[in-house]
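# Tertiary structure, described
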Amino acid sequence: MTTVDPNTIAQATSAGSLAASTAEAAKRAEDMKNQFMTLLITQIRNQDPLNPMENAEFTSQLAQMETVNGITQLNKTLQALSGQMDMTQSMQAATLIGKEVLVTGNKISTGSSPDDPNTKVATPFGIDLISPAEKVKVAILDGSGKAVRNVELGPVNPGVVSLEWDGLNDSGEPVPDGAYTLDVSGVGADGSAVGVEALTYGQVSSIAYSSSGVQLDLGLMGARSLFDVRKIM
């Protein structure tokens, strides 16, 4: 069986899209230029002999055409740069297949360990801090919104912090298997709130390319943008 490198597929897909986009832009620019020249020549042929177009006016219209051409060339350059960025993102995304990641989200689940039914295991999670926090509080909520476990962290530096849950409630008892949600908050040294975001776990099973950009298929977590990834585990 022949194995196809996903990086090759990503590069070919991006290159094809870039070529098609460049060709379309070039055709639009040529059509616009032809239309402009046709209108200008028609205007010159049908001008009033007693009131001919002045040199300044003629020069102004030619300058407008050059401005349009310049804008078109700039658009083509930007499209080429965008295509290169898309190709780079596609190649980066392809290397994530099979990887475990933390992405923006507040979902967490717990269940029994396959090796020991009496041991609880939960999916990893994390937090993303924008600025230093003197204290961070993490609450794990059940389906009714009730907090079953509260965890308070001490001073935390900015950045992504990976965390784990043992599947126990505040009383040290195992919680029922199932899905839970995270509620996180933080305060700075002056007591004011700091920006903190919950991160949820997923494993990349495949990559998709859509009009909204590169999408990662995280299985039960659904499709997420490449820009949602905060940490590769």
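Please refer to the structure higher up on the page.
So, a few notes on the structure that sits alongside this text. All of these numbers come straight from a predicted model, not from anything done at the bench.

## Notes on the sheet that holds strand 12 (residues 223-225)
What links the strands of a sheet is backbone hydrogen bonding, and the strands pair in either a parallel or an antiparallel sense. In space, the three strands of this open sheet follow the order 10-11-12, with antiparallel pairing throughout. Each of the sheet's edge strands pairs with one partner strand only, and the pair in question is strand 10 (206-210) and strand 12. Across this sheet, the average inter-strand angle for adjacent strands is 35°, counted without regard to direction. Note: strand 11 (residues 213-217) against strand 12, three bridges, orientation antiparallel. Bridging from a neighbouring strand, Gln215 pairs with Ser225 of strand 12.

## So, the side chain of Arg224
With respect to the element layout, Arg224 can be found in strand 12. From its side chain, Arg224 meets the backbone oxygen of Thr104 in a polar contact 2.3 Å long. Not counting residues up to four positions away in its chain, the partners in contact with Arg224 are Val103, Thr104, Gly105, Thr200, Val214, Gln215, Leu216 and Leu218.

## Overview of the sheet that holds strand 2 (residues 107-112)
Spatially, five strands are ordered 3-2-8-5-6 in an open sheet, and the strand pairing comes out antiparallel. Each edge of the open sheet carries a strand with a single partner, namely strand 3 (120-122) and strand 6 (147-153). Across the sheet, the mean angle separating the axes of adjacent strands is 25° when strand polarity is ignored. In this structure, strand 2 lies alongside strand 3, joined through three bridges in antiparallel fashion. Looking across to strand 3, one finds that Ser112 is bridged to Lys120.

What counts as what
- Residues numbered from 1 in each chain as written.
- Predicted model: local features only at pLDDT ≥ 70, side-chain atom pairs only at ≥ 80, totals over all residues.
- Heavy atoms only, no water.
- Pairing = 2+ DSSP bridges.
- Helix = DSSP H or I, 4+ residues; strand = E, 2+ residues; numbered from the N terminus.
- Axes fitted to C-alpha atoms, helices over the stretch in contact; angles between N-to-C directions.
- Polar contact = N/O pair within 3.5 Å; in protein donor to acceptor, adjacent residues only side chain to side chain.
- Contact = heavy atoms within 4.5 Å.

Treat this as a map of the structure, not an account of what it does.
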